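Below are the chains, spelled out letter by letter.
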Amino acid sequence: MTTPPEIQAVYEVADKFIELANELTNKDKTGTVGTALRYAAARYNSFEANVNYPNLAAHKDEALKLLLDDFKLMLEENLTDYVQIQGQQNHIEIKDLSQ
């Protein structure tokens, strides 16, 4: 299945943020990087909402719901991917132990 160009562009930009986060994580193992990345996303999303809603006060709940729904969908998709990855790794480890 081919990924649409607009979605591929999102993945490519996200990969740049992930690459930077991985570099920072190599220097700081405290968990600060994940928290900082979530904070940066919240801050930037708030800026986006400010641009998209000239009367943000009147539309704050709507903006929040849209952003939360979008994030939840992305998080669920990625968590599902990692569950599958862990399942494959566990299967390999169990198979290796039985040899």
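Everything below is about the structure shown above.
Structural notes, computed from the coordinates.

Reading the values: rules and limits
- Residues numbered from 1 in each chain as written.
- Predicted model: local features only at pLDDT ≥ 70, side-chain atom pairs only at ≥ 80, totals over all residues.
- Heavy atoms only, no water.
- Helix = DSSP H or I, 4+ residues; strand = E, 2+ residues; numbered from the N terminus.
- Rg over C-alpha atoms; globule rule 2.2 N^0.38 Å.
- Buried < 20%, exposed > 50% of the residue type's maximum accessible area, 1.4 Å probe, protein only.
- Patch = residues over 30% accessible without salt bridge, like charges linked within 9 Å, V, L, I, M, F, W, Y side chains within 5 Å.
- Areas by Shrake-Rupley, 256 points an atom, 1.4 Å probe, with all protein chains shown as cover.
- Salt bridge = Lys/Arg side-chain N within 4 Å of Asp/Glu carboxyl O.
- Phe/Tyr/Trp six-rings, centres within 6.5 Å; stacked < 30°, edge-to-face > 60°.
- Lys, Arg positive; Asp, Glu negative; His and termini not counted.
- Charge placed at Lys NZ, Arg CZ, Asp CG, Glu CD.

It is worth spelling out the overall build of the chain at this point. Along the chain, the regular secondary structure elements total three helices and zero strands. N-terminal to C-terminal, the α/β element order of the chain is α-α-α. For 99 residues, the compact-globule estimate of 2.2 N^0.38 gives 13 Å, and the C-alpha radius of gyration of the chain, at 18 Å, exceeds that figure by more than 25%. Along the longest, intermediate and shortest principal axes, the C-alpha atoms of the chain span 65 × 35 × 25 Å. Counting every position in the chain, which comprises 99 residues, the buried fraction comes to 5%.

Together, I7, V10 and Y11 give the surface a local cluster of nonpolar side chains, amounting to about 260 Å² of exposed area. Its place among the elements puts Y11 in helix α1 (residues 5-27).

What follows concerns the packing of aromatic side chains. Note on aromatic pairs: each is described by the distance of the centres and the angle between the planes. Tallying each qualifying case throughout the model produces one aromatic pair. With a centroid separation of 5.6 Å and 50° between ring planes, the pair formed by Y44 and F47 is classed as tilted. Separated by three residues within a single helix, Y44 and F47 lie in helix α2 (residues 32-52), roughly one turn from each other. We classify F47 as partly exposed; its relative accessible area is 45%.

With that out of the way, let us pick up a negative patch on the surface. Negative charge collects at one region of the surface, where E12, D15, E19 and E23 lie side by side. By the secondary structure assignment, E19 is in helix α1.

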